[in-house]
Every structure is written in C-alpha cells, then in structure tokens.
Amino acid sequence: MGHKKVCFECRKAFNLIYDFNVEQSMICPDCGNPAVFLNHKFRPPKKQDKKGWELALFLKDHGFYFQSAYAHIVPGLYLQVPYPSSIEEAKEFVTKYKRL
Ligand SMILES: [Zn+2]
C-alpha cells in the first residue's frame with residue numbers, strides 16, 4: 001500500500017519511499033510544479049499517451065485519486081467497479097460514483 005507522486009506537467013509518476021523522518025514534498029523534482037499524490041493502484045500512462053493523461057487528470061479533478069470505487073447495489077451491498085478507460089466512460093463514471 002502507498003501512494004505515487006504524480007506530476008501532470010511532466011507526465012511522470014514517482015514512487016514514494018515511506019520514511020517518516022523525511023518530509024514528503026508535494027513538488028515535482030523535475031519541473032518544480034506542484035505534484036499530486038495518487039493511490040498506488042494508479043498505472044501511469046506512457047509519456048506520449050496524451051489521452052491517457054487527460055483521462056487521469058479528469059478523474060483526479062473530480063476527486064478520484066485512483067482509490068477503489070464502489071457501486072451501491074442495495075443498502076449495505078457495494079461492489080467494486082473498475083476505473084474507466086476512456087473520457088466518455090469517465091464522464092459517466094464521475095457522475096455515477098462521485099458520492100461514494
Ligand atoms: Zn514535473
């Protein structure tokens with residue numbers, strides 16, 4: 001378990017080393033812009049995969065940090081749902097699962 005530090009400017013993900021003696025900086029070491037922490041489940045797209053990064057940014061901007069998402073089936077029953085693989089799917093996904 002853990003997080004990845006992700007810079008959307010550089011389209012790069014850095015693995016975080018958990019050391020409580022070291023303060024984790026939210027700054028990208030490459031470009032100096034603010035980076036974000038995403039769940040370790042985040043699979044960074046290839047640098048040239050513009051659509052993949054746009055999709056990740058869209059999800060992040062809607063509060064989906066690649067933590068598991070769950071669908072509410074009936075009271076008390078939730079099923080884990082996979083993350084979308086296209087922007088079209090993502091638009092539906094964020095409205096459907098935003099509240100969870
Ligand atoms: Zn950067």
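Please read these numbers as outputs of a predicted model, since none were measured by experiment.

I'm lost on the coordination of the zinc ion in this one. Help?
Coordination angles at a metal have ideal targets, namely 109.5 degrees for four tetrahedral donors and 90 or 180 degrees for six octahedral donors. Only Cys 7 (SG), Cys 10 (SG), Cys 28 (SG) and Cys 31 (SG) from the protein coordinate the zinc ion, and they sit 2.2 to 2.3 Å from it. Viewed at the metal, the four donor atoms of the zinc ion are separated by angles of 104 to 116°, and the geometry they form is tetrahedral. Mapping the donors of the zinc ion onto the primary sequence gives the spacing C-x2-C-x17-C-x2-C. Of the residues examined, Cys 28 reaches a relative accessible area of 2% and is grouped as buried.

Hey, could you run me through the side chain of Lys 60 in this one?
By the secondary structure assignment, Lys 60 is in helix α1 (residues 50-61). The class of Lys 60 is buried, set by a relative accessible area of 15%. Contact partners of Lys 60, with chain neighbours within four places excluded, come to Phe 8, Val 36, Leu 38 and Tyr 65.

Is there a simple way to explain the pairing of strand β1 (residues 3-7) in this structure?
Working note: regular strand, side chains alternate between the two faces of the sheet. Most of β1 sits out of view: four of its five residues are buried. Across four bridges, the pairing between β1 and strand β3 (residues 36-39) is antiparallel. Within β3, the position partnered with Lys 4 by the bridge is Leu 38. A loop of four residues connects β1 with strand β2 (residues 12-15), the two strands running antiparallel in sequence, and Arg 11 in this loop sits at a positive phi of about 55°.

Reading the values: rules and limits
- Every chain begins its residue count from 1, and numbering advances along the sequence as written.
- Where local features are concerned, this predicted model is filtered to residues with pLDDT of at least 70; where side-chain atom pairs are given and counted, the filter is 80 or more; whole-chain, interface and lining totals use all residues.
- Where side-chain values are given, they derive from all heavy atoms of the structure, hydrogens and water being excluded.
- Each metal's donors comprise the N, O and S atoms found within 2.8 Å of it (within 3.2 Å for Na, K or Ca). Water is not part of the atom list, so some coordination spheres may appear incomplete.
- Here the metal geometry follows the donor angles, with tetrahedral for four donors whose angles all fall between 85 and 135 degrees, square planar for four and octahedral for six when opposite donors are more than 155 degrees apart and every other angle is between 65 and 115, and irregular for all the rest.
- Buried means the residue's accessible area, taken with a 1.4 Å probe over protein chains only, is under 20% of the maximum for its type, while exposed means over 50%, and partly exposed covers the values in between.
- Secondary structure elements follow DSSP: runs of H or I of four or more residues count as helices, runs of E of two or more count as strands, with numbering from the N terminus.
- Should any heavy atoms of two residues lie within 4.5 Å, those residues are considered in contact.
- Pairs of strands are assigned from DSSP output, requiring at least two bridges between the strands.

Function cannot be read off these values alone, since they describe shape.
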